[in-house]
Every structure is written in structure tokens, then in C-alpha cells.
Amino acid sequence: MQKILIIGGAEDGSREVRDMIARELPYHIFEASSEEQVKMELEQRVFSIVVIVKSRLNEDDLFLIDRLRNVHYSFSIVLLTNELNSSVQKLHGVSEVHTLVRPVGNRNVVGLVRKLLVAKRVPKQVFRRFNTNQIAQIESLDDGENLLTSMYNLSKGGAYCEFEANNLLAVGDVIRLKVFLNDTNREYTFNAKVVWTTAAGRFSGRFGCGFRFVTAKDTHRSLLSKG
């Protein structure tokens, strides 16, 4: 069975994170609150994923993450923190480190951990996601077919939608996403790429797609690669 290591102190909320993951996922979970305990756990067991719970990341934490990546590179790292400070920003673009900034829903944390455990690589979430529940329109850039979906979260970097299963979308496809946001009373249009899918989404149980927003240049390159 796969094993999860949670690193953090009680003051950072590590126990709450442990209990939350334990309720949702059937994996062995271990804890460490000091570097000595981390070293001991890594020497005794092989972990599939490490979850670091830290209210405010500092340079010592960056050093620990760097050691984890260089010495034990077989697992992914999820960082759960309260503040998007300069230390967190230094992790942007670092391979296999996925950052979630509180407040973030339990579903987001458990969902990311689950995806990392069942897939070797998933796209990093580097922007805070906001839960929503509204209709969005997806237009395939291959054939122009339109599809109405329910968008359940949105961030600066991407979105997640669920809809009735069909053969319209697959990982790697580029689409145009249109959504009307009530908060701003405006319609927005994004070019996006399908980066992961699930047969049964957590919100409605329907087919789900995770999208990453891309530039017009990236869109053109993807379409040419399919030609």
C-alpha cells in the first residue's frame, strides 16, 4: 500500500490535515514534526508522496524541500501554506512541488493528493483556486462543437468543469472556455488546454476536466501539432 508522509507541527495544523486525508483516502499515513523525525521516516519507509504543512514558509523550509527533491526524488511534494510569500514564490517552476495556499477547500487538498498518487505527473497548481458553481461554455477548436458545462472552480491559471460524458475532449486538446462571472457582471473568454480528466467528478459525479489557460501562441502550436 502507498504511504504518505505529513511534515509539520501542531501549530501549523498538520494533525487536521492528517485526519482529513485519513478520512478520504485508504493509505498509510505517517507524521514528522522535526528534521530528525523526517530523516528517520525516510530511512525506514518508502513514501509515495510528502505533504508539508507550514503556516509561513522560510529559508530553512526551502532547504528541506531541496534536500527531499535531491535525495528522495521518487515522490511528489505538496506544500500547504497560509501565505504566498517570497519563499513560496521561489518554488514556482520547481519540478514535482505542488503549492496550495490557504484558505483552500478540503476537496482541493484531498483531490490533489489523490491525483498525485494515481498518476506519475499532474500539472502543478500554482494559483489559488476559488470554488464556484456556474454554467460555462466549451468550444472545441478542432471542429467548433460547443458544450455547456458546470464550472466548479476557477483560478488565474486554470479551471475545472464537469459535464455529461462524451467523446469531445481528451488530455492535450485545446478549447475555448467562455464564462459569465456574476461578481463582475462580465463575460470572459479563455484559451485552455485539457491537462487531466476523471470519469466521475467529485461535485456531480459526471465526467470532469481540468484545464490550464494557455496563450494564443501555445494554442496555435497545439493545433499545428495535430495537423
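Residues numbered from 1 in each chain as written. Predicted model: local features only at pLDDT ≥ 70, side-chain atom pairs only at ≥ 80, totals over all residues. Heavy atoms only, no water.

Peer 1: Hey, could you run me through the overall build of the protein chain in this one?
Peer 2: Secondary structure assignment for the protein chain yields 6 helices and 11 strands. Of the roughly 12200 Å² that the protein chain leaves accessible, carbon and sulfur atoms contribute 49%. (Helix = DSSP H or I, 4+ residues; strand = E, 2+ residues; numbered from the N terminus. Areas by Shrake-Rupley, 256 points an atom, 1.4 Å probe, with all protein chains shown as cover.)

Peer 1: For this particular structure, what's the right way to read the sheet that holds strand S5 (residues 97-101)?
Peer 2: Sheet architecture is open: 5 strands sit in the order S2-S1-S3-S4-S5, paired in parallel fashion. The open sheet has two edge strands, strand S2 (28-32) and S5, and neither has a second partner. Along the sheet, successive strands turn relative to each other by an average axial angle of 20°, direction set aside. Both strand S4 (residues 76-81) and S5 contribute to a ladder of 5 bridges, which runs parallel. (Pairing = 2+ DSSP bridges. Axes fitted to C-alpha atoms, helices over the stretch in contact; angles between N-to-C directions.)

Peer 1: Looking at this structure, how should I read the confidence of the model for the protein chain?
Peer 2: Any region with low pLDDT has predicted coordinates that should not be read closely. With 82% of its residues at a pLDDT of at least 70, the protein chain reaches an overall mean of 79. Across residues 120-127 the pLDDT falls below 50, and counting only partners more than four positions away or on other chains, this stretch makes 21 contacts in the model. (pLDDT = per-residue confidence, 0-100. Contact = heavy atoms within 4.5 Å.)

Peer 1: When you look at helix H5 (residues 106-118) in this model, what are you seeing that I'm missing?
Peer 2: Spacing of three or four residues puts side chains on the same side of an α-helix, whose turn is 3.6 residues. For H5, spanning 13 residues, the distance from its first C-alpha to its last is 18 Å, which sits close to the expected 18 Å at 1.5 Å a residue. Buried within H5 are the following residues: Asn108, Val109, Val110, Gly111, Leu112, Val113, Leu116 and Leu117. (Expected span 1.5 Å × (residues − 1). Buried < 20%, exposed > 50% of the residue type's maximum accessible area, 1.4 Å probe, protein only.)

Peer 1: It is not clear to me how the pattern of salt bridges should be interpreted in this structure. Could you clarify?
Peer 2: When charged atoms on two side chains of opposite charge get close, those side chains can pair. Summed over the entire model, instances satisfying the criterion amount to 6 salt bridges. Across the salt bridge formed by aspartate 19 and arginine 18, the nearest N and O atoms sit 3.8 Å from each other. Overall, aspartate 19 belongs to the partly exposed group, its relative accessible area being 32%. The exposure class assigned to arginine 18 is partly exposed, which follows from its relative accessible area of 24%. Between arginine 176 and glutamate 139 there is a salt bridge, with the nearest N and O atoms lying 3.4 Å from each other. Taken as a pair, arginine 176 in strand S9 (residues 174-181) and glutamate 139 in strand S6 (residues 130-140) lie far apart in primary sequence, 37 residues in all. Linked through salt bridges whose partners overlap, the residues forming this network are Arg15, Arg18, Asp19 and Glu31. (Salt bridge = Lys/Arg side-chain N within 4 Å of Asp/Glu carboxyl O.)

Peer 1: Is there a simple way to think about helix H2 (residues 35-44) in this case?
Peer 2: Listed as buried for H2 are Val38, Glu41 and Leu42. In a view along the axis of H2, the buried residues occupy a sector of 95°, so they form one face of it. Residues of H2 that are exposed and point over 90 degrees away from its buried face: Glu36, Glu43 and Gln44. (Arc of directions from axis to C-beta.)

Peer 1: Could you clarify how one ought to interpret the pairing of S2 in this entry?
Peer 2: Successive side chains on a regular strand alternate, one facing one side of the sheet and the next facing the other. Where strand S1 (residues 3-7) lies against S2, 5 bridges are found, and the strand directions are parallel. Residue pairing for S2: isoleucine 4 is matched across the bridge by isoleucine 29. The handedness of the S1 to S2 crossover, carried by helix H1 (residues 14-24), is right-handed. (Right-handed = clockwise from strand over helix to strand, strands pointing away.)

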